[in-house]
Amino acid sequence: MKEIKVNQNIIFEKKIEKDIFYYEAILKNIDTKSLIKNIEIGINSNDNMNYKTNVHGKMTSWIYFNNNEQINEIISKCLDVFKLDSKIPNSYLAESWGIKMSKNSFTKEHDHGGCSLSGILYLNTVKNYFLDFPELDYRTEIIKNKIVLFHPWLLHKTSRLSNTTKYAVAFNFKKNKNWL
């Protein structure tokens, strides 16, 4: 067999700036108790994702809340209020999962590349605990009924929890495939 040779190299190493978006709001009239109850059921189901993802804590399956009426209503309302349909055209709710973080749980720094919108709804307040966005040099406190909607390419993380518990529902939208 002849030796493989490379005749021409084209290399791009360039930082390309991208438009991003970030929205947050405190919602009213959320039935957090029922959502937390559902998370407890989901993290104890056979299809849970406990300690298997960037969430180093307990987690329901990826699509656990996709058909939850309250979650769908919350997300739809926020899409309308923030006029996000124009930023995520032809997209659908692909994943929505529940999270329970307890002592020593944390979220590893990551992004949601391949999605068109990501978000998280906090179901309880955790004082002096934050969701960090290193690229924005911004952190937002975990407050009950706060929803954060952000561009999926943004890196984000949380530090280890001490002696408290955090509940949340996270979600991703993805673009519809034209060939489907």
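All of the points below concern the structure found in this document. Model, not experiment: these values are computed from the prediction.

Concerning the pattern of salt bridges
Okay, step 1: If you walk through the whole model with that rule in mind, you get four salt bridges.
Okay, step 2: When the shortest N-O distance is used, the salt bridge between Lys 174 and Glu 95 registers 3.4 Å. With Lys 174 in strand β11 (residues 166-175) and Glu 95 in strand β4 (residues 91-101), this residue pair connects regions lying 79 residues apart in the sequence.

Comments concerning the side chain of Glu 95
Okay, step 1: On the basis of relative accessible area, Glu 95 is assigned to the buried category, the value being 16%.
Okay, step 2: In terms of polar contacts, Glu 95 uses its side chain to reach the side chain of Lys 174, at 3.4 Å.
Okay, step 3: Non-local contacts of Glu 95, meaning those with residues more than four positions away in its chain, are made with Trp 62, Asn 66, Ala 170, Phe 171, Asn 172 and Lys 174.

As for the state of the cysteines
Okay, step 1: Going through the model one piece at a time under the given rule, you end up with zero disulfides.
Okay, step 2: For Cys 78, which is in no disulfide, the shortest distance to another cysteine sulfur is to Cys 115 and amounts to 18 Å.

A look at unusual backbone geometry
Okay, step 1: The backbone of Asn 29 shows a phi angle near 65°, a positive value even though the residue is not glycine.
Okay, step 2: Here Asn 29 shows up in the loop between β1 (22-26) and α1 (32-43).
Okay, step 3: The phi dihedral of Asn 128 is positive, around 60°, even though this residue is not glycine.
Okay, step 4: Tracing the backbone through its elements, the reader meets Asn 128 in strand β7 (residues 126-133).

Topic: the sheet that holds β4
Okay, step 1: Strand order in this open sheet of six strands is β1-β9-β6-β11-β4-β3, and the pairing throughout is antiparallel. Of all strands in the sheet, those with a lone pairing partner are β1 and β3 (58-59), marking the two edges.
Okay, step 2: The sheet contact formed by β4 and β11 spans ten bridges and is antiparallel. Paired with Ser 91 across the strands is Lys 175, a residue of β11.

Some points on α1
Okay, step 1: Taking 1.5 Å as the rise per residue, α1 with twelve residues should run 16 Å; its terminal C-alpha atoms sit 16 Å apart, in good agreement.
Okay, step 2: Considered for burial, the residues of α1 that qualify are Thr 32, Leu 35, Ile 39, Gly 42 and Ile 43. Seen from one end, α1 has its buried residues packed into an arc of 90°, which puts them on one side. Counted as exposed and oriented over 90 degrees from the buried face of α1: Lys 33 and Lys 37.
Okay, step 3: Residues of α1 that are buried sit in contact with β3, α2 (69-81), β4, β6 (117-122) and β11.

Cut-offs used in this document
- Residues numbered from 1 in each chain as written.
- Predicted model: local features only at pLDDT ≥ 70, side-chain atom pairs only at ≥ 80, totals over all residues.
- Heavy atoms only, no water.
- Salt bridge = Lys/Arg side-chain N within 4 Å of Asp/Glu carboxyl O.
- Helix = DSSP H or I, 4+ residues; strand = E, 2+ residues; numbered from the N terminus.
- Buried < 20%, exposed > 50% of the residue type's maximum accessible area, 1.4 Å probe, protein only.
- Polar contact = N/O pair within 3.5 Å; in protein donor to acceptor, adjacent residues only side chain to side chain.
- Contact = heavy atoms within 4.5 Å.
- Disulfide = S-S within 2.5 Å.
- Pairing = 2+ DSSP bridges.
- Expected span 1.5 Å × (residues − 1).
- Arc of directions from axis to C-beta.

Interpretation note: all reported values are geometric properties and have no functional meaning in isolation.
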